[in-house]
Amino acid sequence: MSSPSRFALALTQPGEPNHPISDVFMNQQPPPQSETSKAQDSKDPRVARREKLRQIEARGLDPFGVRFDDRTMIGRCHQLSSEIRWTREDGTDVPLPDFDDPDLDYRQWKADHGPGTETGPNVRVAGRIMLARGQGKLIFLTLRDWTGDIQIFIGKKQVGDDDFELAKLFDLGDLVGAEGRLGRTNTGELTVFAESLFFHAKMLEPPPDKHAGLTNPDLRQRMRYADLAFNDGVLQTFLDRTEIVRSIRRTLDNEGYCEVEGPTLHMIAGGAAARPFATHHNTLDMPLTMRIALELHLKRLMVGGMERVYELGRVYRNEGISPKHNPEFTMLECYQAYGDYNTMMDLTERLITDSIEAIGGGLIRQYDGKTIDFTPPFQRATYAELFQQHTGVDPSDEAAVIQYAKQIGLDPEDTHPDVVRNEIFEAKVEDSLDGPIFVIDYPASICPLTKRKRDNPAVAERFELFILGMEVANAYTELNDPDLQEKLFETQLEGQDEEDSMAKMDHDFVRALRHAMPPAGGLGVGIDRLVMLLTDKKSIRDVILFPLLRPENA
RNA sequence: GAGGGUGUAGCUCAGUCGGUAGAGCAACGGACUUUUAAUCCGUUGGUCCAGGGUUCGAGUCCCUGCACCCUCACCA
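Bear in mind that the values here come from a model prediction, so they are computed numbers and not experimental data.

**Q** Which residues make up the environment of Arg-421, and what are the values?
**A** Within the element layout of this structure, Arg-421 appears in helix α13 (residues 417-429). A residue is classified by how much of its surface remains accessible, and Arg-421, at 9% relative accessible area, is buried. Contact partners of Arg-421, with chain neighbours within four places excluded, come to Tyr-383, Phe-387, Pro-395, Ser-396, Glu-398 and Val-401.

**Q** Could you give me a rundown of the nonpolar core, with the residues and numbers involved?
**A** In this structure, Ile-248, Leu-252, Leu-332, Phe-463 and Leu-523 are the most contacted members of the largest nonpolar core, which totals 42 residues. Ranked by residue count, the leading element in this core is helix α10 (residues 341-359), at eight residues. Setting aside anything within four residues of it in sequence, one finds Leu-252 in contact with Tyr-257, Tyr-310, Leu-332, Cys-334, Leu-347 and Leu-351. Judged by nonpolar contacts, the second largest core, of 29 residues, contains Ile-74, Ile-150, Leu-190 and Ala-194.

**Q** Can you explain the sheet that holds strand β5 (residues 148-155)? Please cite residues and give values.
**A** Here we have five strands rolled up into a closed barrel, ordered β3-β4-β5-β7-β6, and mixed in their pairing. Averaged over all adjacent pairs, the angle separating strand axes in this sheet is 55°, with direction ignored. Where strand β6 (residues 175-184) lies against strand β7 (residues 190-201), ten bridges are found, and the strand directions are antiparallel. Its bridge partner being in β7, Arg-181 is matched across the sheet by Phe-193. In this fold helix α5 (residues 156-167) packs onto β4 (138-145), β5 and β7, with an angle of close to 105° to the strand it touches most, β5.

**Q** An account of the packing of aromatic side chains is requested, with residue identities and associated values reported.
**A** Counted according to the given criterion, the structure contains 14 aromatic pairs. Measuring from centroid to centroid gives 5.0 Å for Phe-153 and Phe-193, while their planes differ by 45°, and the two rings are tilted. One end of the pair, Phe-153, is in strand β5; the other, Phe-193, is in strand β7, with 40 residues separating them in the sequence. Each member of the pair, Phe-153 as well as Phe-193, carries the same accessibility label: buried. Within the aromatic cluster, the residues linked to one another by ring pairs are Trp-86, Phe-99, Tyr-106 and Trp-109.

**Q** Lay out the sheet that holds strand β9 (residues 265-266) in plain terms, naming residues and giving numbers.
**A** The antiparallel open sheet is built from three strands, whose spatial order is β9-β11-β10. Each of the sheet's edge strands pairs with one partner strand only, and the pair in question is β9 and β10 (278-281). Across two bridges, β9 lies against strand β11 (residues 286-290) in antiparallel orientation. Note on β11: the bridge partner recorded for Leu-265 is Met-290.

Each value, and the rule that gives it
- Residues numbered from 1 in each chain as written.
- Chains lettered and ligands numbered in written order.
- Predicted model: local features only at pLDDT ≥ 70, side-chain atom pairs only at ≥ 80, totals over all residues.
- Heavy atoms only, no water.
- Helix = DSSP H or I, 4+ residues; strand = E, 2+ residues; numbered from the N terminus.
- Buried < 20%, exposed > 50% of the residue type's maximum accessible area, 1.4 Å probe, protein only.
- Contact = heavy atoms within 4.5 Å.
- Core = buried A, V, L, I, M, F, W, Y, C linked by side-chain atoms within 4.5 Å.
- Pairing = 2+ DSSP bridges.
- Axes fitted to C-alpha atoms, helices over the stretch in contact; angles between N-to-C directions.
- Phe/Tyr/Trp six-rings, centres within 6.5 Å; stacked < 30°, edge-to-face > 60°.

So, in structure tokens, the structure goes:
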């Protein structure tokens, strides 16, 4: 976080002038007693922080601050550094040296070019104290807001005895403010030379290790606020996630899509194969499930005339937790009337390349030490081709497929041949798909919501996008034939448990299709996995702010 | 669900063969007006995840439980 964030909007802050807290806040109340005063508490760093809080109050300041207007965001300070001038006594400006040069000795440079004076714009910054270096009657702080870090110079002579006493009550993690001139220290570091100080909020808990941060993964997830505040890059990852989601909305909005909000409580958890969370409505005395997909309601809307429609929202699947699975996760589903799965392939590429543009870093990216080239068009290959390539077995040769399944330890008995094929595909092909690659044309019987190819009803017009073995997107030419849909809902594939089936009878959905849904392409994207890939994060928990955890031990 | 790993100071981590509980950072006291994870001197700080067992003696060995991580299974 030492470089300014690309969250450009945050660099300016609306507001009115305000006043140092000492002018507007006079707290005459006695300081509150700390909750406990047991002997062992003297060992606890929290006690020292409570004591400083009391002393801040005793100085007539609110240890939890007041409004602070006309703030200069720290990223903006870095931009304003170009306004720093070095003026000789004769009034001429000397161009400043290159402060990025690690060998620069600014003290020497000033001696060589002086005598003169450095001037710079006045700024008012606020943020969290990340580092503090005391040096007698001097204190250096490293202050961080969400646009970057900057150093604050606090000299006893410069801020006065009063503010210097206040600065001695600062702890790592406190939120403070400073007003003063922007300039450079002898080493050339951009610095706010404080003339007055402000106190905004006391951190009463001890901060994590100032260098290592909070590394305990359990604590990082339970105390995400501390993870965000003290671990480098965490905030940026989540800001990147926001940028990716914004970009996806922008891309779809620009293409004329309309965003909607479907119900999250479903009577029938359809649209995907997954176990749902069960819940209950009391007044209606009715069992309900949390949605596992967005699909069936968005298609109902296409029947109603929403020709380009999408929803970007949370779905819930009551299944295992792993580095790639969280019980609730974010899906995008979008549907385009009169399109097909090829339409959605092109759209998928635009959604991803636009997202990359939004967070920067280029189309060729690193993930876990591997390189992913997102330059479109992405590779395309059929399911059957890849099957043949990776297994050496012709997927249309049923006997050979069964033979191969037994060979790799699968049990093909009483199981539909397409399910067997797919188990082989998942076991032997998916993991080696580095991609980005569109796998197209799936066996029809495992795709009950997908239109079949006109010339080959055994194949469904479906693709999945794989990147480094991870399924990122899934799309169909949507099945809009109500009679076939009803039939597919009735067909339970052999060897498949009911809860594993995507085909759950939904009479209302079939009735909707009977009102005529236009031929359409539909796409689903796992947003969390896309964010993982674009931000180089190995665990879905690193891109979900508050992943599901077991309750904390008391 | 199975296997493996981890759990020690506020944080990050050592802890040998079973023999008085350690370091760095943070905190507290002191020196220092251009530092950069500031430095230097000094001090304080422990339910060794929980419970049980073996033992003269357990952070260490054994059993049970809990939490987290990893791999696998499940899960498009």
